[in-house]
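Each chain is listed here by its residues.
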Amino acid sequence: MTAQHRYAIRPLDPAAHLFEVCITVSEPDPAGQEFAMPAWIPGSYMIRDYARHVVAARAESDGRDVGLRKLDKSRWRADGVARELTLVLEIYAHDDSVRGAHLDLTHAFFNGTCVFPAVVGQEDLPCVVDIQPPEKPVGRHWRVATAMRRQDAPEYGFGTHVVNNYAELVDHPVEIGQLSIGEFEANGVPHAIAIRGNTRVDMARLCHDLQTICEQHMLLLGVPADLDRYLFLLHAPGKGYGGLEHRWSSANICSRDNLPARGDEGVSDSYRTFLGLVSHEYFHLWNVKRMKPAAFTPYDLSQETHTSLLWVFEGVTSYYDDLALVRSGMIAPESYLELLGQTITRVLRGSGRRRQSVAESSFDAWTKFYKQDANAANAIVSYYAKGSLVALVIDLQLRHETEGKVSLDDVMKAAWQRWGETGEGMPEDGFETMCVDLAGVNIRDFLDAAIRGTGELPLESLLKSVGVEYHLRRSDGAKDKGGKPGGEGNQPDVWLGANLGGNGKPTFAVVHNGGPAETAGIAPGDEFVALDGLRISAADAEARARRYKPGDKSNITVFRGDELITLRLVWEEAPVDTCYLVISDDAAEEVVARRKAWLESE
Ligand SMILES: [Zn+2]
């Protein structure tokens, strides 16, 4: 029998949110065996130091205690022993996000990064993973959903599973509880969705729509050789949104109301949000789970790992997530352009796009995008949102330069062959070089400006080349996300140059650089008390502002801490920062053909 590690996990005390994890090493390092917990989880680029949730650790061998020493924040070393060694951990699990581990009397969820330390030096060995039930009566109707391969466990049941190595061990999130499970095939590959939460969803429709999306993505890049199964884990609470990609699965959170009920027809805006989420995570099974930056090959889970390519892996994925919905016919082109208009609006509303390029945003993700403060809108640009617009302009520029012969689809196919199928990491200049090689014309300067520049992207002219009109207008108010023409005459003439937040009490959450609020001396965190001597509430702040014209002056009274301050503000004309896109009805035939080639599948 070849050597392998044995990992066992059981809900030790669900009410106290404690898992017990045992790791048994058959041939420990005789000089002392080290164990290391990851500091981060791939896909979420922030140091989380999962070892901080370990509340007790001990080691044993042959029934006797073995000395165990903490080496640093994430590592332990057990004394050298001649026989099998077992490390026993108690781990607190109360982070109910897709990046965490969570246990209570109703369910259990974990990522391997949160609960399974690596056996240092032996990370390449296969592992048996015993997923054990809690003590009765807890968990009587619980089922187990994971893409881990079963060894001695019934389908969706407790028991042993196997993985080829440690990297795989931490790439299989596990959901345990009362689950609704739907199954379907995409191009013959078995797929499933396991939903936690009382959703009363139309499962047949959900499976049908997921299949459509999965097969759409498979059409672009083919079925990876090792994709023999796929699982969507979904938690659907009252309110929530997020996802994390894995090689054979994804963990997703959406609002319960995002899911279609039996009898619902058509794609509501809310269901479209859900479809975009699962489309995004699924596309990742190619783009970042198999094709990845050289910096992630292999992952170093002990510290930050910098790459300027996150815009390729998140931005391009964000481009294809919604594009797959329109290409598969699930949403109409008008609906797709509405989503695109919203993305453009999100980017336009932050002046951070003039400070930071998508390459810089990628590189500094660990300390900027993932650690946003009140100045984020002024300082950073999202490598997701602007990254997807960079993907769009590259796509349209390639189509324009080559008269429709080459598109971003071709770049993705070539990149997949070069770095996805081989498993070689993509070098930092790899994606751009691939674009240049396929374009056949010199687009280096164009790429340089889009990727490392902070100027405006040539969206208007490139969208025109596919018969789409680009329009800008003023915002209707805080709820206006853009993408639609907006109510006539409903738009305020002026703006504060700040976004209000706060629970009940209006508070200045974001103060935009160069705006009236900043010029007046208002700071993030100030509580907005009165406008021109009249008390202001979160509910009426917008309506009150509509009564002013550019150039009017106001007294703004705020609490900064416990000090009452009155500042003088000069109202300015509201910026034109809200985008909507319209299909032009007078475009030439070849332009219409180019738009179809872009939005429809081959
Ligand atoms: Zn993503």
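Our subject is the structure listed above.
Remember, predicted model here, so these are calculated numbers, not experimental data.

**A closer look at the overall build of the protein**
Piece 1. Counting its secondary structure elements, the protein contains 16 helices and 31 strands.
Piece 2. Over its C-alpha atoms the protein spans a radius of gyration of 26 Å, differing by no more than 12% from the 25 Å that the globule rule assigns to 602 residues.
Piece 3. For the protein, the C-alpha atoms occupy an extent of roughly 80 × 65 × 50 Å along the three principal directions.
Piece 4. Within the span of the protein, comprising 602 residues, buried residues form 56% of the whole.
Piece 5. Partitioning the contacts of the protein with sequence separation of at least 6, the portion at a separation of at least 24 is 68%.
Piece 6. A distance of 4 Å separates the average location of the 63 positive side-chain charges in the protein from that of its 86 negative side-chain charges.

**Details of helix H4 (residues 269–283)**
Piece 1. Taking 1.5 Å as the rise per residue, H4 with 15 residues should run 21 Å; its terminal C-alpha atoms sit 21 Å apart, in good agreement.
Piece 2. Taking burial as the measure, the 15 residues of H4 include twelve buried ones, the bulk of the element.
Piece 3. For H4, the set of buried residues is Tyr-271, Arg-272, Phe-274, Leu-275, Gly-276, Leu-277, Val-278, Ser-279, His-280, Glu-281, Tyr-282 and Phe-283.

**Topic: the packing of helix H3 (residues 203–221) against H4**
Piece 1. Across the interface, H3 lies against H4 with an axial gap of 10 Å and an inter-helix angle of 40°. Compared by their axis directions, H3 and H4 come out oblique. Note on packing geometry: the crossing formed by H3 with H4 is right-handed. For the pair formed by H3 and H4, the contact residues are Arg-205, Leu-206, Asp-209, Leu-210, Ile-213, Cys-214, His-217, Met-218, Leu-220 and Leu-221 on the first element and Tyr-271, Phe-274, Leu-275, Val-278, Ser-279, Tyr-282 and Phe-283 on the second.
Piece 2. Its residues assigned to classes, the contact of H3 with H4 shows 13 nonpolar, two polar and two charged.

**Some points on the sheet that holds strand E6 (residues 68–70)**
Piece 1. One open sheet holds the four strands; their spatial order is E6-E7-E3-E11, and the pairing between them is antiparallel. Edge positions in the open sheet fall to E6 and strand E11 (118–119), since each of these has one partner strand only.
Piece 2. Here three bridges tie E6 to strand E7 (residues 75–78), and the two strands are oriented antiparallel to one another. Looking at E7, one finds that Lys-70 is bridged to Trp-76.

**A look at the coordination of the zinc ion**
Piece 1. Donor atoms from the polypeptide that coordinate the zinc ion comprise His-280 (NE2), His-284 (NE2) and Glu-314 (OE), at 2.0 to 2.1 Å from the metal.
Piece 2. Between the donor residues of the zinc ion, the gaps in sequence give the motif H-x3-H-x29-E. Separated by 34 residues along the polypeptide, His-280 in helix H4 and Glu-314 in helix H5 (residues 310–327) bring together distant segments of the chain. For the pair His-280 and Glu-314, one class covers both residues: buried.

**As for the pairing of E7**
Each regular strand shows side chains that alternate between the opposite faces of the sheet.
Piece 1. Of the two faces of E7, only the one carrying Trp-76 and Ala-78 is buried; Arg-75 and Arg-77 on the other face are not.
Piece 2. In this sheet, E7 lies alongside strand E3 (residues 33–36) in antiparallel orientation, the contact comprising four bridges. Across the sheet, the residue bridging to Gln-33 is Ala-78, located in E7.
Piece 3. Where E6 hands over to E7, the hairpin turn is made up of four residues, counted between the paired strands.

**Re the sheet that holds strand E15 (residues 159–163)**
Piece 1. One open sheet holds the eight strands; their spatial order is E5-E4-E8-E2-E1-E12-E15-E14, and the pairing between them is mixed. Only two strands of the sheet have a single partner each, and these edge strands are strand E5 (64–66) and strand E14 (149–152). The average angle at which neighbouring strand axes cross in this sheet is 30°, direction not considered.
Piece 2. Pairing analysis gives seven bridges linking strand E1 (residues 5–13) to strand E2 (residues 18–25), with the strands arranged antiparallel. Counted as the bridge partner of Arg-6 is Thr-24 from E2.

**Side note on the nonpolar core**
Piece 1. With 164 residues, the main nonpolar core has Trp-311 and Trp-598 as its most contacted residues.
Piece 2. For this core, the leading source of residues is H5, giving ten residues.
Piece 3. Listed in part, the 19 residues of the second largest apolar core include Leu-496, Val-511, Phe-528 and Leu-569.

**Some remarks on the pattern of salt bridges**
Piece 1. For the structure shown, the criterion picks out 32 salt bridges.
Piece 2. Across the salt bridge formed by Glu-34 and Arg-75, the nearest N and O atoms sit 2.8 Å from each other. Of this pair, Glu-34 sits in strand E3 while Arg-75 sits in strand E7, and the two are 41 residues apart along the sequence.
Piece 3. Residue classification places Glu-34 among the buried positions, given a relative accessible area of 16%.
Piece 4. Glu-424 is the salt-bridge partner of Arg-418, the closest N and O atoms lying 3.1 Å from each other.
Piece 5. Judged by relative accessible area, which is 39%, Arg-418 ranks as partly exposed.
Piece 6. When salt bridges with common partners are traced through the structure, they connect Glu-34, Asp-72, Arg-75 and Arg-77 into a single cluster.

**Brief notes about the pairing of strand E20 (residues 241–245)**
Piece 1. Pairing geometry for E20 and strand E21 (residues 249–254), over five bridges, is antiparallel. Residue Gly-242 lies in a different strand from E21, and its bridge partner there is Ile-253.
Piece 2. Here E20 folds back onto E21 in antiparallel fashion, the turn holding three residues.

**What about the state of the cysteines?**
Piece 1. Counted under the stated rule, the structure contains zero disulfides.
Piece 2. Counting only cysteine sulfurs, Cys-127 is the nearest neighbor of Cys-22, a cysteine outside any disulfide, at a range of 15 Å.
Piece 3. Cys-214 provides the cysteine sulfur closest to Cys-207, a residue in no disulfide bond, and the two sulfurs are 10 Å apart.
Piece 4. Judged by its relative accessible area of 9%, Cys-207 falls in the buried class.

**Thoughts on the packing of aromatic side chains**
Piece 1. This model, assessed by the stated rule, comprises 27 aromatic pairs.
Piece 2. Seen in terms of ring centroids, Tyr-230 and Phe-232 are 4.9 Å apart; in terms of plane orientation they differ by 70°. Their pairing is edge-to-face.
Piece 3. For Phe-232, a relative accessible area of 1% puts it in the buried group.
Piece 4. Here the aromatic residues Trp-40, Tyr-45, Phe-296, Tyr-299, Trp-366, Phe-369, Tyr-370, Tyr-383 and Tyr-384 are joined through ring pairs into a cluster of three or more.
Piece 5. The residue whose ring lies beneath Arg-143 is Tyr-156, and the NZ or CZ to ring-centre distance is 5.9 Å.

What counts, and where the lines are drawn
Residues numbered from 1 in each chain as written. Predicted model: local features only at pLDDT ≥ 70, side-chain atom pairs only at ≥ 80, totals over all residues. Heavy atoms only, no water. Helix = DSSP H or I, 4+ residues; strand = E, 2+ residues; numbered from the N terminus. Rg over C-alpha atoms; globule rule 2.2 N^0.38 Å. Buried < 20%, exposed > 50% of the residue type's maximum accessible area, 1.4 Å probe, protein only. Contact = heavy atoms within 4.5 Å. Lys, Arg positive; Asp, Glu negative; His and termini not counted. Charge placed at Lys NZ, Arg CZ, Asp CG, Glu CD. Expected span 1.5 Å × (residues − 1). Axes fitted to C-alpha atoms, helices over the stretch in contact; angles between N-to-C directions. Parallel < 35°, antiparallel > 145°, perpendicular 65-115°, else oblique. Left-handed = near helix turned anticlockwise from the far one by under 90°. Nonpolar A, V, L, I, M, F, W, Y, C, P; charged D, E, K, R; others polar. Pairing = 2+ DSSP bridges. Donors = N, O, S within 2.8 Å, 3.2 Å for Na, K, Ca; no water. Core = buried A, V, L, I, M, F, W, Y, C linked by side-chain atoms within 4.5 Å. Salt bridge = Lys/Arg side-chain N within 4 Å of Asp/Glu carboxyl O. Disulfide = S-S within 2.5 Å. Phe/Tyr/Trp six-rings, centres within 6.5 Å; stacked < 30°, edge-to-face > 60°. Lys NZ or Arg CZ within 6 Å of the ring centre and 35° of its normal.

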